[in-house]
Amino acid sequence: MSAFSRGEQVYDSRIYDVARWGFGVPTVYWDPPPRPAEFAFGPEPFEMWGVPFEYYIPKGSRQAYLVRSGHSEVYADFAMKLMLGRFAREATRTFAVKAYAGVTEHERKQTILREAATLAETKWFGDLEADKERVLRELRAGREAKLSRDWAKEASQPDADAAKRKEALTTAEREIGQADKSRLQALRKAEQEIAAAQQAREKAAREAQWAIESAARDRESQAREAAEQARVLKLSRPIPLAPQPGGIVFGTRIKDGVDFVVPLAHLQHILLSGVSGAGKTVLLHALLHQLVQSDQVERLVLIDLKGGVSFNRYRISPKVEVIYEMADVIRVIDQVMALMVQRQNYMRENGIEFWRQRRTFLVIDEYAEIQTEIDAADTKEAKAEARRLAANLASISRRARALGIVMVCALQRPTTDAMDAAVRNNLSCRICLRAATSQLAASMLDDLERLPVRPTELPTGEFYYYDASRGLTRLLKAQIAPGVDLADLF
Ligand SMILES: Nc1ncnc2c1ncn2[C@@H]1O[C@H](COP(=O)(O)OP(=O)(O)O)[C@@H](O)[C@H]1O
Ligand SMILES: [Mg+2]
């Protein structure tokens, strides 16, 4: 404690020597004057012979100072120094106890602060350790985790322990980094395994799907083949008629071997044509067989002026009337006309719009014979009769369908010579068996270009069904009604 110097302080050893016991009192040149915050004790005002002084002890020092108030110059004057020495001794005697207590108090506070700092420091390391452990625990469990405080910033706070703190932090971060790396590795491995499993699953699913599809394809193609075989087999031989309830089977579709059925109520007037031997009569038999059996048919008038015997078999049915003579044709057409008028009145009186009751069919084979008779009339009476017949036929073709009367007319060549256009244009359901010429077929059907088989090349029994009212074309093969002996018909 023999030497003391600090910054701008100038120590005067002579003065110090005077006051070296207890608290020494050096003379001080101090500029700027010390700030009160830096005192451990004082400043205490002290007056001697009217001169004001201040007495104080700076922090961290056990040295007392005596300074003339408001002055900061060096007391160079020897007498002054002597006086100061006396003052100092006096001041020290006066303040020693007080100053000592102040200094002790300061030191005690410092100790407490130091201990607190140490404690805080220990706590920092403990907290960092706990935070690190938590992060490691999370990472080892495969989860993500981060330190919860900005340890790096705290670690670099400038003081003696900063290096220690930084080192602790670096260690913690290294450990965390390793744990994180191994977590990421585990994660990556797991991801790879998952992806592999996924691929395996997808592959298995694809294969199963493929197997199912190919089995389905096989089954489909087998079914298609079987259907095709059935179709070919069915169509390769005469097809026995297989009536269906509720409709008229017109024939079997060449395309798929399925029977083509038209509900009776949908039937339009039918014009049926084809060269001799094309299968008109066989088809008519198939239709008639069904019409005779049908309970939706009230009456069947069959006209065949060629004197064929083929309609005879239907005579046993009470609803069938077979006609071979022109005179009977005129009579029966008059009857049909009367029936039409009667039904028209009935419907009008009862407010009926559509005929829903049983139907009457007027079937004329070799229609050209009637036309020939009409055209051939020579006597005046015969001409009048023929005119009436022609008008009636036209009228029936025009109005009868709505009244539940359906015409079915067959002929070889559907020309206007063979059938008056006034009749023909109203027969909207066309059945075209093998035609003599494309022109004749064109007058029956819609668009010859689109047909799969040329009408002139249709095999016997095969025909186009064309419903002009619905724009529907079907290639069919006629079925053979029971009792129709094909050999007989040649
Ligand atoms: N759908 C058919 N299936 C098998 N053969 C048929 C068929 N239609 C007609 N035929 C054969 O053609 C022959 C002539 O038939 P047919 O109906 O009398 O002709 P068309 O009345 O047009 O002159 C029959 O005897 C029969 O041998
Ligand atoms: Mg015939």
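None of these values were measured; they are calculated from a predicted model.

### Concerning the pairing of strand β15 (residues 462-467)
And then number 1: The element β15 is largely enclosed, with a buried count of six among its six residues.
And then number 2: Neither face of β15 is left uncovered, since the one carrying E462, Y464 and Y466 and the one carrying F463, Y465 and D467 both have all their residues buried.
And then number 3: One ladder, built from four bridges, connects strand β14 (residues 429-432) with β15; its direction is antiparallel. Bridge pairing in β15 places R430 opposite Y466.
And then number 4: Pairing analysis gives six bridges linking β15 to strand β16 (residues 472-477), with the strands arranged antiparallel. Bridge assignment links F463 to a residue of β16, and that residue is L476.

### Description of helix α8 (residues 380-399)
And then number 1: Between its first and last C-alpha, α8 extends 28 Å over 20 residues, near the 28 Å set by a 1.5 Å rise per residue.
And then number 2: When α8 is considered as a whole, its buried residues turn out to be A386, L389, N392, L393, A394, S395, I396 and S397.
And then number 3: Next to the buried residues of α8 lie α6 (326-350), β12 (359-365), α7 (368-376), β13 (405-411) and α9 (421-424).

### What to know about the packing of α6 against α8
And then number 1: Running from N to C, α6 and α8 point in directions that differ by 45°, and their axes come no closer than 10 Å. Accordingly, the angle class assigned to the pair α6 and α8 is oblique. Relative to α8, α6 is oriented so that their crossing is left-handed. Across from M326, V329, I330, I333, D334, V336, M337, M340 and Q344 in α6, the residues of α8 making contact are E385, R388, L389, N392, L393, S395, I396 and R399.

### Concerning the environment of D334
And then number 1: Structurally, the position occupied by D334 is in helix α6.
And then number 2: For D334, a relative accessible area of 27% puts it in the partly exposed group.
And then number 3: As a C-alpha pair, D334 and L389 span 55 residues in sequence and 8.0 Å in three-dimensional space.
And then number 4: Apart from the residues lying within four places of it in its own chain, the contact partners of D334 are R388 and N392.

### Regarding unusual backbone geometry
And then number 1: Backbone geometry at E366 places phi at a positive 50°, although glycine is not the residue there.
And then number 2: Along the chain, E366 turns up in the loop between β12 and α7.

### Topic: the packing of aromatic side chains
And then number 1: Here the structure, examined in full by the defined rule, presents five aromatic pairs.
And then number 2: Taking 5.1 Å as the distance between ring centres and 80° as the angle between the ring planes, the aromatic pair formed by W124 and W151 counts as edge-to-face. Residue W124 is found in helix α2 (residues 78-140), and its partner W151 is found in helix α3 (residues 151-155); the two are separated by 27 residues along the sequence.
And then number 3: The buried category is assigned to W151, whose relative accessible area is 2%.
And then number 4: Considering the side-chain rings of F250 and Y465, the 4.9 Å spacing of their centres and the 70° angle between planes classify their relative orientation as edge-to-face. Taken together, the residues span a long stretch of sequence, with F250 in strand β7 (residues 247-253) and Y465 in strand β15 at a distance of 215 residues.

### Details of the pattern of salt bridges
And then number 1: Tallied over the full model, the rule gives 22 salt bridges.
And then number 2: Between D259 and K234 there is a salt bridge, and its shortest N-O distance comes to 3.0 Å. Of this pair, D259 sits in strand β8 (residues 259-263) while K234 sits in helix α4 (residues 162-236); the two residues are 25 residues apart in sequence, bridging distant segments of the chain.
And then number 3: What makes K234 partly exposed here is its relative accessible area of 28%.
And then number 4: With a shortest N-O distance of 3.9 Å, R450 and D446 are connected by a salt bridge.

### Notes on the nonpolar core
And then number 1: By size, the foremost hydrophobic cluster in this structure holds 50 residues, and its most contacted members are I303, V329, I370, L389, L393 and I396.
And then number 2: Every element with two or more residues in this core is listed here: β10 (297-304), α6, β12, α7, α8, β13, α10 (438-444) and β15.
And then number 3: No other element matches α6, which puts ten residues into this core.
And then number 4: Ignoring any residue separated from it by four or fewer positions in sequence, one finds I370 in contact with I303, L305, M326, V329, I364, L389 and L393.

### Let's talk about the confidence of the model for the chain
And then number 1: Across the chain, the average pLDDT comes to 83, with 82% of residues at or above 70.
And then number 2: Here residues 1-32 is a poorly scored stretch, pLDDT under 50, and it has 71 contacts once near neighbours within four places are set aside; other chains count.

### A word on the side chain of Q371
And then number 1: Topologically, Q371 is positioned in helix α7.
And then number 2: There is a polar contact of 3.2 Å between the side chain of Q371 and the backbone nitrogen of D420.
And then number 3: For Q371, the residues in contact, after removing those within four places along its chain, are D417, A418, M419 and D420.

### Quick look at the environment of H266
And then number 1: Among the structural elements, H266 can be located in the loop between β8 and β9 (270-273).
And then number 2: By relative accessible area, H266 is classed as partly exposed at 41%.
And then number 3: Measuring from C-alpha to C-alpha, the distance between H266 and I248 comes to 9.9 Å, with 18 residues separating the pair along the chain.

### Things to note about the sheet that holds β15
And then number 1: If you trace the ten strands from one edge of the open sheet to the other, you get β8-β7-β16-β15-β14-β9-β13-β12-β10-β11, paired in mixed fashion. Either end of the sheet is taken by a strand with one partner, and the two such strands are β8 and β11 (320-323). Between one strand axis and the next, the sheet turns through 20° on average, direction left out of account.
And then number 2: Pairing analysis gives two bridges linking β7 to β16, with the strands arranged antiparallel. Bridge pairing in β16 places R253 opposite L476.
And then number 3: Those strands touched by helix α5 (residues 280-293) are β7, β9, β10, β11, β12, β13, β14 and β15, and its axis lies near 145° from that of β7.

Conventions we followed
- In this numbering scheme, every chain counts its residues from 1 along its sequence in written order.
- Here every chain gets a letter starting at A, and every ligand a number starting at 1, in the order they are written.
- Predicted model: local features are reported for residues with pLDDT of at least 70 only, side-chain atom pairs are reported and counted for 80 or more only, and whole-chain, interface and lining totals are derived from all residues.
- Computation of side-chain values covers all heavy atoms of the structure but excludes hydrogens and water.
- For each residue, the accessible area found with a 1.4 Å probe, counting protein chains only, is set against the maximum for its type, and the residue is called buried under 20%, exposed over 50%, and partly exposed in between.
- Secondary structure elements follow DSSP: runs of H or I of four or more residues count as helices, runs of E of two or more count as strands, with numbering from the N terminus.
- In this description, strands pair whenever DSSP reports at least two bridges between them.
- One fewer than the residue count of a helix, multiplied by 1.5 Å, yields its expected span.
- We call two residues in contact when some of their heavy atoms are within 4.5 Å.
- For helices, the fitted axis covers only the stretch in contact; all axes are lines through C-alpha atoms, and the angles between them, taken along N-to-C directions, range from 0 to 180 degrees.
- Put simply, angles under 35 degrees are roughly parallel, angles over 145 are roughly antiparallel, angles from 65 to 115 are roughly perpendicular, and the rest are oblique.
- The sense of a crossing depends on the near helix, which, turned anticlockwise from the far helix by less than a right angle, makes the crossing left-handed and, turned clockwise, makes it right-handed.
- Here a pair means two rings of Phe, Tyr or Trp (six-membered ring of Trp) with centres within 6.5 Å. Their orientation is stacked below 30 degrees between planes, edge-to-face above 60, and tilted elsewhere.
- Put simply, a salt bridge is a Lys or Arg side-chain nitrogen that is within 4 Å of an Asp or Glu carboxyl oxygen.
- To qualify as a nonpolar core, a set must consist of buried Ala, Val, Leu, Ile, Met, Phe, Trp, Tyr and Cys residues joined through side-chain atoms within 4.5 Å.
- You can read pLDDT as the predictor saying how much it trusts each residue, on a scale of 0 to 100.
- Whenever two N or O atoms come within 3.5 Å, that pair is a polar contact, provided that in protein one can donate a hydrogen and the other can accept it, and provided that, for residues adjacent in sequence, both atoms are side-chain atoms.

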